[in-house]
Each structure stands twice: as C-alpha cells, then as structure tokens.
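Here's the letter readout for the chains.
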Amino acid sequence: MAEHLQVPADLRPASGLDGASLFRTLFAAYHDALVVVDAGGTVVLANPSAATLLGYSVEELVGLPVDALVPDAVRPRHAAFRTAFAREKRPRPMGMQTELLARRKDGSTVTVEIALSPLDKQGQPLVVAAIRDIGAYPRVKQALQRAHYSEQLARLGRLAIDVGDSEVLTDEVPVAAIEALRADAATVYLLDGNLHELRVAAVAGAWAREARGSRLPHPPDSTVGMVLAEGRSALYVDEPDEPRATGAAAGSGAELRSGVGVPISDRGRTIGVLAVRSLAARSYDADETGFLESLANLLASTLQRAQSEQALNHAQRLESVGQLTGGIAHDFNNLLTVIQGNLQVLDELPALAADDDARQLVDAAARASRRGAELTSKLLAFSRRQVLQPTTVDVATLLGSLADMLRRTLDQRIRIEVDAGPAGAAALADPGQLEAALLNIAINARDAMPEGGTLRFRAQAVGRLPAHVAHEIDLRQAGAGGFIAIAVADSGLGMTDEVRKRAFEPFFTTKSAGRGTGLGLSTVYGFAKQSRGAVSIDSVPGGGTTLTLYIPALSEVAGAAGDVAGTAQPLRRGLRALLVEDDGEVRTVVRRFLEGFGCEVTTAANGEQALLALGGPADVGAFDLLVSDIALGTGIRGTELAARVQERLPGIGVVLVSGFSPELLDADQHAPPHWELLQKPFSREEFASAIARVASA
C-alpha cells in the first residue's frame, strides 16, 4: 500500500533519495504505533510498533476494521466520533482526550493517547493515527503506581475496620508489600513487651527465611537492628557478604540481595519493623519506602487500638471484680460484725469463765471470724478498695525485714544492700501497704536484672520534697515532720524517657503478655498519693532505675497524738448515744457494746427515724454521740445524717461505720477531721477508742 501513497513534492528529500523508500523507512522505524485508515474505517497500513502494542502481526493488522481495535463498551461512541471527524477533518494532537483505551488481539486493553492526521490535503482520503502507550511514561507509571498504593492502603484500612482483628491485618501487610513492590519476601517483626526479643509476627513470599513465631535476639545484627536502633527507614543493595543480606532460599542457593526496612512505631516508640527483601540487587525509591511506611503506620494504629481495647476490657473486668468484691465485703463484714460482736459478748460472760470447753469453742470461732475478716481485706486489696490505716512505722525495721525476705526469694545473683539511715526514723503510713508497695518495686527491679545485679534500699529524712514532685501534693496536709525518702535502686536495664513517663499509668507494662498486669507501679503511685506523699523515678537506658517513695515523717505532735490514740481511754459513763443501723442483728450487737460502755442508747433503723428521735428545739443537747452506718438503705445516707445532726447539735461526737471500703474512702475525703470512721468488723476496743476520741472532742 505504501507504494500507492504519493509523497508531496515539498516533503521529498532534497538529496534526490527515493521518496517511497524513505517513507517506508521512517514509517517502519517510528517509535509510536502508526496505522493508516481509509474512509471506510479499514486499516490499510501499520508499522511494527503498532503490531507490538496491539498484539498482532503487521499482516494481521492490514485489512482489519479499526473498530476491532476499540473495546466493545466504547464502540458506539467511537463510531459517532469517526462520523463527526469525517465531516470535518482536522488534525488532533495527542493529549486532547483522556482515558482512551485500545483493544489488543487477546482482548486486553491498554491506556493510550492518539493523534489523528488527515491526508486529504495531500490528495489521499486517508487518516494517519499515531497511538502511544501512556503507561510507558515515567510520570504516568509513577501516578499509576501511587494509585495502586492508595488502593492497597484503602483495602487494608477497610479490613482493619471491618474485621477488627489485628492478627488478620498483620498477616495481610507483608502480602500487600510483596504484591505492590514486586518483592520476593516480606516480614513483620514485633518487639516483645520486655524489649529483649523480636518476634516474627507475619511472613510472606516463597523466599522468606524466618518462620512465623520464631524469635530473634535484640538487637539483631541486621538492617532490622539498624531500623530499631535509629527509628527510621534503612535499605541495603547488593551486599551479600553482610549478615543482613545473606540467607539462601530453601534448597535453591538463591540469596536475598537487597531489601528495605521501615519502623513500626507506637506513640514515638519503635515496637517493630516491616522488612521487604528481593533476590535481585535493586534500590527502593521514595514512593516505595513511603508506601511501606504507610503500611507500617496502619499496622501500628491497629495494634495500638487492639492494645487499648484489651486494656479497656481488662479495666472493665477489674472494675466488675471490684464492684463484686466490694458488695460481697459489705454483706460479709456485716455478718462478721454480728459474729465477732456476739463472740466478744459471750467471752465476757461470767458463766463462760468457769467453762474451759466453752471458752475453747468461743476462741476457735473468734479465730475463724478473724480469718474471714482477713479474707475480705484481701478481696478489697485486690480491687484497690482497701482503707489505709496509717500508724507509726519504724522504717529501718521494715526495710531489714523486707530485705531478709527478698534474699530468700529473689534470684541468688541479685545482691541486696540496705542503708536505713539514722536510727529511730519513723514514718506515718499503713505498714502493710507500705511493705506491699516496696515489694512491688523490688519485683520490677528483679525483672529489670535478668542476669543479676544489685538492689539497694536507702532511707533518709528530708525536710522538703524535690521540686519535680512537690507540686503533686498539698503540703499543708503533709504534716510538719517532713518526709522519709525510701529509695529503691537497681542496676538493671533502665527505662527510656517514653517508658519512664508512662510507668505509673494503669495497665502500662513492658512485660510480655501474661507476665504483668501493668498495675504494680500504678498502685505504688496511688498508695503514695493516698498517704499524702509522692513518688519519683530516675532512670536511663542501661544505667539502672531508682524509684523513691516520699512518705510523711512522724512529727512529735503526730507521735504524741498517735500514742494517745493507741492508748485505751476510759469512757465517760452515761453518754447519750443515738445508734442508727439498718441491719437489725448488727444494730443489736452495737447496742450491746454501747450499753456495756455505760451509754444510754436510742436506736433507729434509718436516717428518717433518727431525725425524729432528735425531737424539737427543746430537746437540743439530748445526745452526746451519734453512731451511724454510712449505707442506710434507700433513705438518707449516714454522712448526710451526721451533717444534719451536727448542725442541730454542734457538740455531738460522730462515729461512722461501714463494711464497704469505698464508702469510707469517700467519707474520708469529705468528712470533717473530727469525725471518726470505722471499718466493719471492729472489736470492742477499737470501737471504744473511736468513741473516746470523739466524745472528748
């Protein structure tokens, strides 16, 4: 057909070369696909580039209707366009229309740009179509690849939301990385909570070297270790001699010659690595690295959400347990009050003194009831609803006893040293809770020294708190005696700034699953705050940790008051007492105690009856003492009743009792300091001491 095409005179070569030969050479060598179409829409000429692009041979293209090169879906539109073009033939350069598709011989499509050049002016009723595969453009390739990355991220994002299972997403991430980057292997590494080991959380690709669930030492001698150490992406290319690049594929002898790793970060802390590797020595551009970083960020967000949901569920379970144990303790303590009270009344009967067998039975029952009280105390301690009972604590004695116990129970490779400071230093704290707090700290220190080390206890008196913790407490409530600083120092791994800042958060732990609740240091913090003290942490990675408890020191005034409180005070007989208790059996026991103290007792089952018992203005001064349970059924609560009674009788002494620790804790925060709060079950002596303190006030 080329022989029949006439070359215009102004296009003939000046050198006198054969125009037809030159035309054929240029047509065949042109890098864009060229097809010549006649007025009937039939291809009359095609160059080799067109054959390559469209999947035909040149011979197959010649004589083919041009509609065969158009996808079925757009043929009607293409026919209309050809009709319009035939009416007004004008050259159309490339770039005038977007998203054009050409149909290849195998039925697939390719995105193209097309330029149309009518040859009417050259005396030929033909049109030359130049077709260019825009997917071959570097910028277009980049745009298409970015669109593919976005599609992958959107798909995984929907998966994360719809499935809500972090393990499912973790498995999908390396698969997506391999597919998008055309790599040969991808692995997700996650640090265990103890920060000592890397776990292979997910793998993909036939050339993956590690098995899922396998563990690597931390830090590994690899690109993965570099990413963990520096907290930023790292890549390597064609370095088979380095440990990070070697690793024969199973039985093939092939080596992973290049790769890239990106950090998986949670709130500024690197918790893992996403690594992609290839058999070929290749580089990874910014778009590819950026895509991997987006994958890692999506995975980190999903892991963080899963962790938060787990912590929330744990908190809800713990709160449920706390409510359950609190309710059990309330009812159980009422029962124990009745049992212990009646046993104490029996113990004082003259008839019992002469009956040894009966005394043994009463003593056995009393011991059992005390064990029951200890059980409720442990339940309340578990749910962190225990009432503190501050008293004088000899710090040196406590530290010595604790150190002896730890020497018998901790790893023998841990050396324990104690510097208790000057003799006689005393703190005002609940001794059992203080010992439990120090034990929690010691256990954390042990876990930070897996290979052994030194654990030091040091106590010293300080006049004031350091500036960085002084703002945490009301110094007016701390007492005039200053503080006892009890420092517990270890030579262990230390903490990063991020871990140190979050160490007191409930449920935060760096230990692996099942090895820690994240409540140890948070309870230490709560104890210090509740004791009107403070706690601080000083730690650096690799340099050990020192945790210091600041407990109010026992001042001379406090010591004197404690001595008086601890001494049994004789009660003034004839005190007029108003007893308010909704449980009839408890009310009977407490009334017997009061009558045994020589009190004149008026009882009421609820707050409304108690207010009626007060009478009118003429009866002001009718009572010297109010003893009331805090929970009084559905009516007025004991705290409100006490406030209303004291408003009418300013000089009355108030003793509030409860078997439910949270009620006492709440009352302790809002009640006037001259009210006494007493935990059920209580002994006659504890009850008498409480009455003596308020009746003499």
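Residues numbered from 1 in each chain as written. Predicted model: local features only at pLDDT ≥ 70, side-chain atom pairs only at ≥ 80, totals over all residues. Heavy atoms only, no water.

(A) Spotlight on the packing of helix α11 (residues 395-409) against helix α12 (residues 431-447). Direction vectors running N to C along α11 and α12 enclose 45 degrees, while the axes themselves pass 11 Å from each other. Taken together, the axis directions place α11 and α12 in an arrangement best described as oblique. Note on packing geometry: the crossing formed by α11 with α12 is right-handed. On α12, the residues that touch Leu 398, Leu 399, Leu 402, Met 405 and Leu 406 of α11 are Pro 431, Leu 434, Glu 435, Leu 438, Leu 439 and Ala 442. (Axes fitted to C-alpha atoms, helices over the stretch in contact; angles between N-to-C directions. Helix = DSSP H or I, 4+ residues; strand = E, 2+ residues; numbered from the N terminus. Parallel < 35°, antiparallel > 145°, perpendicular 65-115°, else oblique. Left-handed = near helix turned anticlockwise from the far one by under 90°. Contact = heavy atoms within 4.5 Å.)

(B) Summary view of the packing of helix α18 (residues 607-614) against helix α19 (residues 638-648). Axis separation between α18 and α19 bottoms out at 11 Å; the angle between their running directions is 10 degrees. Regarding the angle of α18 to α19, the classification is roughly parallel. Residues Gly 607, Ala 610, Leu 611 and Leu 614 of α18 pack against Leu 641, Arg 644, Val 645 and Arg 648 of α19. Looking at side-chain class alone, the contact of α18 with α19 contains five nonpolar, one polar and two charged residues. (Nonpolar A, V, L, I, M, F, W, Y, C, P; charged D, E, K, R; others polar.)

(C) Structural detail: the sheet that holds strand β3 (residues 100-103). Strands sit in the order β2-β1-β5-β4-β3 across an open sheet of five strands; the sheet is antiparallel. Among the strands making up the open sheet, the edge pair consists of β2 (43-46) and β3. Ignoring strand direction, the axes of neighbouring strands in this sheet form an average angle of 40 degrees. The sheet contact formed by β3 and strand β4 (residues 109-118) spans four bridges and is antiparallel. Each bridged residue has a counterpart across the sheet, and for Ala 102 the counterpart in β4 is Val 110. (Pairing = 2+ DSSP bridges.)

(D) Highlighting the sheet that holds strand β13 (residues 414-419). Pairing in this open sheet of five strands is mixed, and the strands run β13-β15-β16-β18-β17 from one edge to the other. Among the strands making up the open sheet, the edge pair consists of β13 and β17 (534-539). This sheet shows a mean twist of 15 degrees between the axes of neighbouring strands, independent of strand direction. Summarising the sheet, strand β16 (residues 483-490) and strand β18 (residues 545-552) pair through eight bridges and their orientation is antiparallel. Counterpart to Ile 486 in the pairing with β18 is Leu 549. Contacts from α12 reach β13, β15 (453-462), β16 and β18 within the one sheet, and its direction differs from that of β18 by about 175 degrees.

(E) Focus on helix α17 (residues 584-596). An ideal rise of 1.5 Å per residue puts 18 Å on 13 residues; α17 measures up with 18 Å between its terminal C-alpha atoms. Val 586, Val 589, Val 590, Phe 593 and Leu 594 are the residues of α17 that are buried. For α17, the arc enclosing every buried residue in end-on projection is 135 degrees, short of the 170-degree limit, so these residues lie on one face. Two or three places before Glu 585, at the opening of α17, Asp 583 has a side-chain oxygen 3.1 Å from that residue's backbone nitrogen. Gly 598, located one to two residues past α17, shows a positive phi value of around 85 degrees. (Expected span 1.5 Å × (residues − 1). Buried < 20%, exposed > 50% of the residue type's maximum accessible area, 1.4 Å probe, protein only. Arc of directions from axis to C-beta. Polar contact = N/O pair within 3.5 Å; in protein donor to acceptor, adjacent residues only side chain to side chain.)

(F) Here's a closer look at the pattern of salt bridges. Following the criterion strictly, the structure yields 22 salt bridges and no others. Salt-bridge contacts for Arg 413 lead to Glu 451; the nearest nitrogen and oxygen are separated by 3.7 Å. Here Glu 451 lies in the loop between α12 and β15 and Arg 413 lies in the loop between α11 and β13, a separation of 38 residues in the sequence. Given a relative accessible area of 64%, Glu 451 falls into the exposed group. (Salt bridge = Lys/Arg side-chain N within 4 Å of Asp/Glu carboxyl O.)

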